[in-house]
Amino acid sequence: MEFVLKHREFAHLREVKALPNALNPHKEESLALVKAMIDQVMALHEDLQWFHIGCDEVYYLGEGEESKQWLQQQDNTPEKLCLSHIKAVATCLASSYPRVTPIVWDDMLRGMSEETLAESGVPQLVQPMIWDYATDIDVKGKVQLVEKYHRCGFSKVWFASAFKGATGVNQSLTLTGHHLRNQLEWLQVASRSPAGVLEGIALTGWQRYDHFSVLCELLPVAIPSLAVCLQALKNGGYSEKVKENVEKLLGMSNLEIDTYMSTSLGTFPGSNILTLVTQVSFYLKSSVDELLERNRYVTGWFSPYHRKRKIIHPIMMHHFQPDAVSLLSKWNAVVQDLQAAMEQVFHRCAVEEWMEENVHPSLQKLQQVVDDLDEAIKAQN
């Protein structure tokens, strides 16, 4: 809810006054806000079968003033508060869109007793989506969870894996192998779960860890991972044949699963962005650091002390000036290409943010050295 509750006009609907991440479930206006959001999505997707109403990691539920008062009444618990809100949202969705089934994230439900869940009436209204993005899922524990939800009265459950994100908040390249292993773990859970209970699996693709964090991997960068994950799920596993099929689909000659290094370009839409992002992620910072921190002529004859005072040894200068200038022009060309490719796909603000996070810190350092060098040469002359 952060993207809504951060705004001043909605701040009065926060569960905890200072925190924009959870909604106050006691205010009628809160439900009206959620209904308006649902209506806006439904207007764009009229033929929906399922609708995900969220509800995960509501860490501060029960900590608002109204909730504290509510919890002082006999038999009221944070679990009941959570379930009553889920029920209210699901009922609201059902009354406007009777053909649509609500889905909820399951983590707020995991620790609840079967009795609490069954008595709430929630299992008749929603389908839980069990999420886990790791490569070492507790398969047995997940199967037991599926069985528990089934016993409580949930007709169907969903799984949620990830094809990008979940491996680092500022990750710029996708570790395909990690995400493939995550799907294979879920296939094991599926094969051991009771028949007829699993409705489907959602492959999540994160763009941020939350509304206020930086961008993680961009979609074009993760398309090979998405293709591998989908093909693995479709084929019930991963094999050389599946790998060849993915390579054919993406136009890649050699798909790397366990390293980032993508030697082949690919012909899929956005593959140029993957190639350029890989170049930047691997070589931009390292090449600039190599020049500025490990080149003995820069560290010895053009240190911050020299740069500030515009002192340069005219002979030593020739040992690094050509390298600095050529490195700068090389990276400016790469970044120009990347900027142009990204502008075909993303809003300008997303391009700007990615560049500021991943390109500017190193590129500006390099630019500054070249500028300082020019200044020092002018001062000499």
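Residues numbered from 1 in each chain as written. Predicted model: local features only at pLDDT ≥ 70, side-chain atom pairs only at ≥ 80, totals over all residues. Heavy atoms only, no water.

Now for the packing of aromatic side chains. Taken as a whole, this structure holds 10 aromatic pairs when the rule is applied. When the ring of Trp 131 is compared with that of Tyr 133, the centres are 5.5 Å apart and the planes differ by 10 degrees; the resulting orientation is stacked. Here Tyr 133 falls in the buried class, since its relative accessible area comes to 14%. Measuring from centroid to centroid gives 5.0 Å for Tyr 133 and Trp 206, while their planes differ by 85 degrees, and the two rings are edge-to-face. Placement of Tyr 133 in the loop between β3 (127-131) and α6 (139-152) and of Trp 206 in the loop between β5 (198-205) and α8 (219-235) is noted, with a sequence separation of 73 residues between them. A single burial state applies to Tyr 133 and to Trp 206, both of which are buried. Through a chain of ring-to-ring contacts, the aromatic side chains of Trp 131, Tyr 133, Trp 206 and Tyr 209 assemble into a single cluster. Above the ring of Trp 131, the side-chain terminus of Arg 110 is found at 4.7 Å from the ring centroid. (Phe/Tyr/Trp six-rings, centres within 6.5 Å; stacked < 30°, edge-to-face > 60°. Buried < 20%, exposed > 50% of the residue type's maximum accessible area, 1.4 Å probe, protein only. Helix = DSSP H or I, 4+ residues; strand = E, 2+ residues; numbered from the N terminus. Lys NZ or Arg CZ within 6 Å of the ring centre and 35° of its normal.)

Sequence positions flagged by UniProt for "domain: Glycoside hydrolase family 20 catalytic" (unreviewed entry) are, in local numbering, residues 16-131. Along residues 16-131 the backbone is 44% helical and 11% strand, and the end-to-end C-alpha distance reaches 26 Å. (UniProt positions renumbered as here; feature names shortened; annotations may be inferred.)

As a further point, take the sheet that holds β3. Strands in a sheet are paired, the pairing made by backbone hydrogen bonds, and the direction either parallel or antiparallel. The strand order β1-β2-β3-β4-β5 describes an open sheet built from five strands, whose pairing is parallel. For this open sheet the edge positions go to β1 (50-52) and β5, each flanked by a neighbour on one side alone. Strand-to-strand twist in this sheet, taken as the mean axis angle between neighbours without regard to direction, amounts to 30 degrees. The sheet contact formed by strand β2 (residues 101-105) and β3 spans three bridges and is parallel. Bridging across to β3, Trp 105 finds its partner in Met 129. The strands touched by α8 are β4 (157-164) and β5; relative to β4, the strand with the most contacts, the crossing angle is about 135 degrees. (Pairing = 2+ DSSP bridges. Axes fitted to C-alpha atoms, helices over the stretch in contact; angles between N-to-C directions. Contact = heavy atoms within 4.5 Å.)

Viewed as axis vectors pointing N to C, α8 and helix α9 (residues 240-250) meet at an angle of 135 degrees, and their least axial separation amounts to 10 Å. In terms of orientation, α8 and α9 fall into the oblique class. The handedness of the crossing between α8 and α9 comes out as right-handed. Residues Ile 223, Pro 224, Ala 227, Val 228, Gln 231, Ala 232 and Asn 235 of α8 lie in contact with α9, whose contacting residues are Val 242, Asn 245, Val 246, Leu 249 and Leu 250. (Parallel < 35°, antiparallel > 145°, perpendicular 65-115°, else oblique. Left-handed = near helix turned anticlockwise from the far one by under 90°.)

Among the secondary structure elements, Lys 243 is positioned in helix α9. Within the local environment of Lys 243, its side chain forms a polar contact with the side chain of Glu 247, the two groups lying 2.9 Å apart. Apart from residues no more than four positions distant in its own chain, Lys 243 is found in contact with Tyr 238, Asn 254 and Leu 255. (Polar contact = N/O pair within 3.5 Å; in protein donor to acceptor, adjacent residues only side chain to side chain.)

In the contact formed by helix α14 (residues 321-343) and helix α15 (residues 348-358), the axes pass within 9 Å of each other and the chain directions differ by 150 degrees. Taken together, the axes of α14 and α15 lie roughly antiparallel to each other. Considering how the two elements wind past one another, α14 and α15 form a crossing that is right-handed. Taken together, the residues of α15 that come into contact with α14 (itself represented by Val 335, Leu 338, Gln 339, Met 342 and Glu 343) are Arg 348, Val 351, Trp 354 and Met 355. Of the residues that constitute the contact of α14 with α15, the class distribution is six nonpolar, one polar and two charged. (Nonpolar A, V, L, I, M, F, W, Y, C, P; charged D, E, K, R; others polar.)

Attention now goes to the nonpolar core. If you look at the biggest cluster of nonpolar residues, it comprises 53 residues, and the most contacted ones within it are Val 280, Trp 331, Leu 338, Met 342, Trp 354, Met 355 and Val 359. Contributions of two or more residues to this core are made by α8, α9, α10 (271-294), α11 (296-301), α13 (314-317), α14, α15 and α16 (360-380). Not counting chain neighbours up to four residues away, the residues in contact with Met 355 comprise Val 335, Leu 338, Gln 339, Met 342, His 360 and Pro 361. (Core = buried A, V, L, I, M, F, W, Y, C linked by side-chain atoms within 4.5 Å.)

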